Amino acid sequence: MSAKKSRFDGLDVAAMTSHLKRTMLGFKLANVYDGSALGVNSSASGGGNDKAARGVYMFKLADPSSGPAAVPVDASKDEAKRSDGGENKEGDNVTSAKSSNAAADSKRVMLLIESGVRFHPTTHYSQSSSGSSSMPSNFAMKLRKHLRNLRLENVTQ
């Protein structure tokens, strides 16, 4: 039996940098979250307390091509249907709103980074934790201040 892998090696890092280059280049950083506030466990120590999650951060990246300008375009199409006298059922509005929300959600990616251990895109995001009253660490606040709205231009090993 082999032991459970707890850290990335050089091959893992090369594979992940290649994946990030293909999927996330050009995305803008929307926010930085502290892993301890989100309830993310550190894989290196295996614990679930705040000290175990130290050095774990979540970067919320958004595709700039699917910004808030995409929603008014759908709204203007609905307006054009109504002005042309075309039949516009209430169900059509609901499905178009759902599809535009789904498209916006698919263009957002969470990147989990655990310092010195691992990094990978993830879909884990606890909504209940985001509304908690715990303050992010000073380092997370500093990252937010200096990195928010910057574009991911390159990923290297």
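The rules we used
- Residues numbered from 1 in each chain as written.
- Predicted model: local features only at pLDDT ≥ 70, side-chain atom pairs only at ≥ 80, totals over all residues.
- Heavy atoms only, no water.
- Phe/Tyr/Trp six-rings, centres within 6.5 Å; stacked < 30°, edge-to-face > 60°.
- Helix = DSSP H or I, 4+ residues; strand = E, 2+ residues; numbered from the N terminus.
- Buried < 20%, exposed > 50% of the residue type's maximum accessible area, 1.4 Å probe, protein only.
- Salt bridge = Lys/Arg side-chain N within 4 Å of Asp/Glu carboxyl O.
- Contact = heavy atoms within 4.5 Å.

Caption draft 1: The packing of aromatic side chains, seen in detail. Per the stated rule, a full pass over the model turns up two aromatic pairs. Where Tyr-57 meets Phe-139, the ring centres are 5.4 Å apart and the plane angle is 65°; that geometry is what we call edge-to-face. Note that Tyr-57 is positioned in strand E2 (residues 56-62) and Phe-139 in helix H6 (residues 138-147), a separation of 82 residues in sequence. Judged by relative accessible area, which is 47%, Phe-139 ranks as partly exposed.

Caption draft 2: Layout of the pattern of salt bridges. One pass over the structure, following the stated rule, counts four salt bridges. Between Lys-5 and Asp-9 there is a salt bridge, with the nearest N and O atoms lying 3.8 Å from each other. Glu-114 is the partner of Arg-118 in a salt bridge, and the nearest nitrogen-oxygen pair spans 2.6 Å. Taken together, the shared-partner salt bridges in this structure form one network comprising Lys-5, Asp-9 and Asp-12.

Caption draft 3: Structural context of the environment of Ser-137. On the secondary structure map, Ser-137 appears in the loop between helix H5 (127-130) and H6. We classify Ser-137 as partly exposed; its relative accessible area is 23%. Each C-alpha atom, one on Ser-137 and one on Gly-35, is 9.7 Å from the other, the two residues being 102 residues apart in sequence. What Ser-137 contacts, discounting residues up to four positions off in sequence, is Asp-34 and Tyr-57.

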